[in-house]
Amino acid sequence: MTRLAAVCSLIDPAGVIADVGCDHGIVAEYCADKGLADTVIASDVSDACLEKARKRLFDRTNVSFVACDGIDYVCDEAVIAGMGGILISDIILRAETKPNTLVLCPHRDADRVRRTLNACGYAIDRDTLIEERGRFYFVMRAKRTTEPQRLSEEQYLFGAFQHEICDTLCRYLTVKYNEYAVAPERNADKLEPIIAALRRQGVDPEAM
């Protein structure tokens, strides 16, 4: 499964769904064509950035276009993908009216996103790792909750469900282990949670 397919698979039907930082508007197109929302918002930082999405979606009557930096509107669900975790976290924090559901795919710093979700009153109910063209991407869905979600440090780093056996997660952890094991003393703090997570996956790092 590609990361785009993984993102789309986590989108729930809702009244208003926003494709934040929509670029070509592929996610917005998917939501509109599948009838997942009464209104689909395709938003990006400027009218110039929205031009690609406008050309793609010009004939979709249930799509509206909004030029803004982040989520400067009300929506039930927001999809934010194709950017770093620090920027995604900033968008979530700055949103005055936070969506009930978030579907996210950070290119990096996924742990930062999970910490932000926790701080903003979201609980992660899906957290999947996708490998595409030799790179790894976490795809997650989170929903507003009144019950705080308690996550361990390993869950922040490697996914809310990292205790479940997963071949892709095992490959990711192995890559990270090999990266940091080149200088084990300098990277001891990074290696410790990776080793613990690998052992939970049934892999003994010393035997690799």
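See the structure printed just above.
Residues numbered from 1 in each chain as written. Predicted model: local features only at pLDDT ≥ 70, side-chain atom pairs only at ≥ 80, totals over all residues. Heavy atoms only, no water.

Asks: What is the right way to look at the packing of helix H7 (residues 167–180) against helix H8 (residues 188–200) in this model?
Replies: When two helices pack together, you describe them by how their axes are tilted relative to each other and by the distance separating the axes. Put simply, H7 and H8 touch, their axes get as near as 10 Å, and they point 150° apart. Between H7 and H8 lies a crossing whose hand is left-handed. The segment H7 lies against H8, with Cys170, Leu173, Thr174, Lys176, Tyr177 and Tyr180 engaging Lys190, Leu191, Ile194, Ile195, Ala197 and Leu198. In terms of residue class, the contact of H7 with H8 is built from 9 nonpolar, 1 polar and 2 charged. (Axes fitted to C-alpha atoms, helices over the stretch in contact; angles between N-to-C directions. Helix = DSSP H or I, 4+ residues; strand = E, 2+ residues; numbered from the N terminus. Left-handed = near helix turned anticlockwise from the far one by under 90°. Contact = heavy atoms within 4.5 Å. Nonpolar A, V, L, I, M, F, W, Y, C, P; charged D, E, K, R; others polar.)

Asks: It is not clear to me how the sheet that holds strand E1 (residues 14–20) should be interpreted in this structure. Could you clarify?
Replies: Where strands meet in a sheet, backbone hydrogen bonds hold them as pairs that are either parallel or antiparallel. Ordered in space as E3-E2-E1-E4-E5-E7-E6, the 7 strands form an open sheet in which the pairing is mixed. Across the chains shown, the open sheet's two edge strands, defined by having one partner strand only, are strand E3 (63–67) and strand E6 (122–132). Direction aside, the axes of adjacent strands within the sheet are offset by 15° on average. In this sheet, strand E7 (residues 135–144) lies alongside strand E5 (residues 101–106) in antiparallel orientation, the contact comprising 4 bridges. (Pairing = 2+ DSSP bridges.)

Asks: Whenever I open this one, H8 confuses me. Can you help?
Replies: In an α-helix, one turn spans 3.6 residues; hence positions three or four apart end up facing the same way. Taking 1.5 Å of rise per residue, 13 residues should cover 18 Å, and H8 covers 18 Å from first to last C-alpha, within 8% of that figure. Tucked into the core, H8 has its buried residues touching helix H6 (153–158) and H7. Phi turns positive one or two residues past the end of H8, at Gly202, with a value near 85°. (Expected span 1.5 Å × (residues − 1).)

Asks: Hey, could you run me through unusual backbone geometry in this one?
Replies: Generally, phi is negative for residues other than glycine and the peptide bonds are trans, each holding for most cases. Residue Asp23 is not a glycine yet carries a positive backbone phi of 55°. Position of Asp23 relative to the elements: it lies in the loop between E1 and helix H2 (26–33). Accessibility expressed as a relative area gives 35% for Asp23, which makes it partly exposed. At Arg133, a position not held by glycine, the phi torsion is positive, near 55°. Inspection of the secondary structure puts Arg133 in the loop between E6 and E7. (Buried < 20%, exposed > 50% of the residue type's maximum accessible area, 1.4 Å probe, protein only.)

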